[in-house]
Amino acid sequence: MHKVMIHPAEYHDCSEAINLALSLFPLKIKGKKVLVKPNSINGSEPDQGAVTHPSILETLLKKLEQSMAAEIIVGDNPGAMEYGDNEETFRRNGLMEAAGKYYKNIGSEAIDVEVSSQFFNHLSVSKDVLDADIFISLPKFKTHGLTIISGAIKNSYGILPGAQKGNGHRIAGNPARFHDLIVDVFGLRVPDLFIVDAVMGMEGNGPVSKDLRYIGQVMASDNAVALDATIARMMGLNPANLGFLEYAKKQGYGDYANEAVEIIGNFTIIPDFKLPPSAEGKGRELPPDFKEMTQRLTSMRPSADQNLCLGCGICVEKCPVSALSMINDLPNVTPEECIVCFCCQENCPERAIQLR
Ligand code: SF4
Ligand code: SF4
């Protein structure tokens, strides 16, 4: 039986929830090297809800400082580096200040590892991830147009530095295969503990949606499948309909069945939670199945809001398959080239791109 904690918290008052997470899922930290990986997807402000809020990180670090760890490192390989590099992204989103002396650019050194996957033979993984005795992942409670939810398993995609994340999208080639690919990356170093920032969640067209949703919880587990399944259920989704959870279960990373998950705290389905366009519209009693979601995704294409777009060209530069070009200062997609990877949306600093 997997345990999932759901505990009330606010950003100014999350100490009790984090203490409870550390006591429910105890880690032997003394003398160990600890890596903490927030979701630092881009350089947006913490209150925009795309990144793990710095207060969660700061509170956790205060607890870890008392645990006599040999070394603590905070780092991530941001998906969208619209401001040029890893450090600038952390500076802008407030995670650098929260990490303080523990911040490290984990993208600067990587180890090549052999991978048993249909997608890769080798991958470069941040050395600090592989060297860590204890790996604590801090995902954000939010939607994701491609993977429907962005939780524990998706947060591990950031153990890959550099252009590999974009390449992964290109290699997967379509949304259904990308669900499997992120699980193969997750399996390279399964985190020991997950603490989710579910205080201010994101709904709608995540992972960089403007639609925020107050939830007022911190969640935790030592099992990513059970945790992501609980996030999915809170959003009104059936976890069995998420391709990456089905594949993760098959790979032996955990179970999402109701009877396999013990909830510690109060579970509620968030009323009228707005799902991403690929998953919405079926009603809560009959969530769309994975095949239908991926069919819908395959027919979507990015479109920039001309009232928001500044014509910076970052989306064009970040498209892994060169499906975008600037025409009259607006990005324009070549539909047959697009693999619906959402990289343009993730990278747009103005949140001007929607996939429709
Ligand atoms: S859509 Fe965003 S990233 Fe693309 S050109 Fe416009 S502002 Fe820049
Ligand atoms: S246009 Fe956008 S969604 Fe399509 S492949 Fe390029 S980055 Fe991905």
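Residues numbered from 1 in each chain as written. Chains lettered and ligands numbered in written order. Predicted model: local features only at pLDDT ≥ 70, side-chain atom pairs only at ≥ 80, totals over all residues.

## Thoughts on the overall build of the protein
Next, step 1: Regarding its fold elements, the protein presents 13 helices and 15 strands.
Next, step 2: Expected size for 356 residues packed as a compact globule is a radius of gyration near 21 Å; at 19 Å, the protein falls within 12% of this value.
Next, step 3: Its C-alpha atoms give the protein principal-axis dimensions of about 55 × 45 × 40 Å.
Next, step 4: Looking at the protein as a whole, 52% of its 356 residues qualify as buried.
Next, step 5: Restricting the contact set of the protein to residue pairs at least 6 apart, pairs at least 24 apart contribute 74%. (Helix = DSSP H or I, 4+ residues; strand = E, 2+ residues; numbered from the N terminus. Rg over C-alpha atoms; globule rule 2.2 N^0.38 Å. Buried ≥ 20, exposed ≤ 12 C-beta atoms within 10 Å, placed from the backbone. Contact = placed C-beta atoms within 7 Å.)

## Some words on the domain arrangement of the protein
Next, step 1: What the domain assignment lists for the protein is domain 1 (2-293) and domain 2 (300-355).
Next, step 2: Computed from C-alpha coordinates alone, the two centres of domain 1 and domain 2 are separated by 25 Å.
Next, step 3: Listed as interface residues are 20 residues of domain 1 and, on the opposing side, 17 residues of domain 2.
Next, step 4: Per-element tally for the side of domain 1 that touches domain 2: the top contributor is helix α7 (residues 164-172), with 4 residues.
Next, step 5: Classifying every residue of the side of domain 1 that touches domain 2 by side-chain character gives 7 nonpolar, 10 polar and 3 charged. (Domains from an automatic or database assignment. Nonpolar A, V, L, I, M, F, W, Y, C, P; charged D, E, K, R; others polar.)

## Quick look at the site of ligand 2
Next, step 1: If you check the shell around ligand 2, you find 13 residues, and the closest are Cys319, Cys338, Cys341, Cys343 and Cys344.
Next, step 2: Looking at the shell around ligand 2 residue by residue, the classes come out as 13 nonpolar, no polar and no charged. (Near = placed C-beta within 6 Å.)

## Some words on the packing of helix α9 (residues 224-234) against helix α10 (residues 243-250)
Geometrically, a packed helix pair is captured by the angle between its two axes and the distance between the axes.
Next, step 1: The N-to-C vectors of α9 and α10 enclose an angle of 155°; their axes lie 10 Å apart at closest approach. Considering their axes alone, α9 and α10 lie roughly antiparallel with respect to each other. Considering only the axes of α9 and α10, their crossing is left-handed. Note on element contacts: α10 touches α9 through Leu245, Ala248 and Lys249, opposite Val225, Asp228 and Ala229.
Next, step 2: Here the contact of α9 with α10 is built from residues that sort into 4 nonpolar, no polar and 2 charged. (Axes fitted to C-alpha atoms, helices over the stretch in contact; angles between N-to-C directions. Parallel < 35°, antiparallel > 145°, perpendicular 65-115°, else oblique. Left-handed = near helix turned anticlockwise from the far one by under 90°.)

## A short note on the confidence of the model for the protein
Next, step 1: Looking at the protein as a whole, the pLDDT averages 92, with 96% of positions reaching at least 70.
Next, step 2: Within the model, pLDDT remains below 50 along residues 282-287, and this stretch shows 7 contacts once partners closer than five positions in the same chain are excluded. (pLDDT = per-residue confidence, 0-100.)

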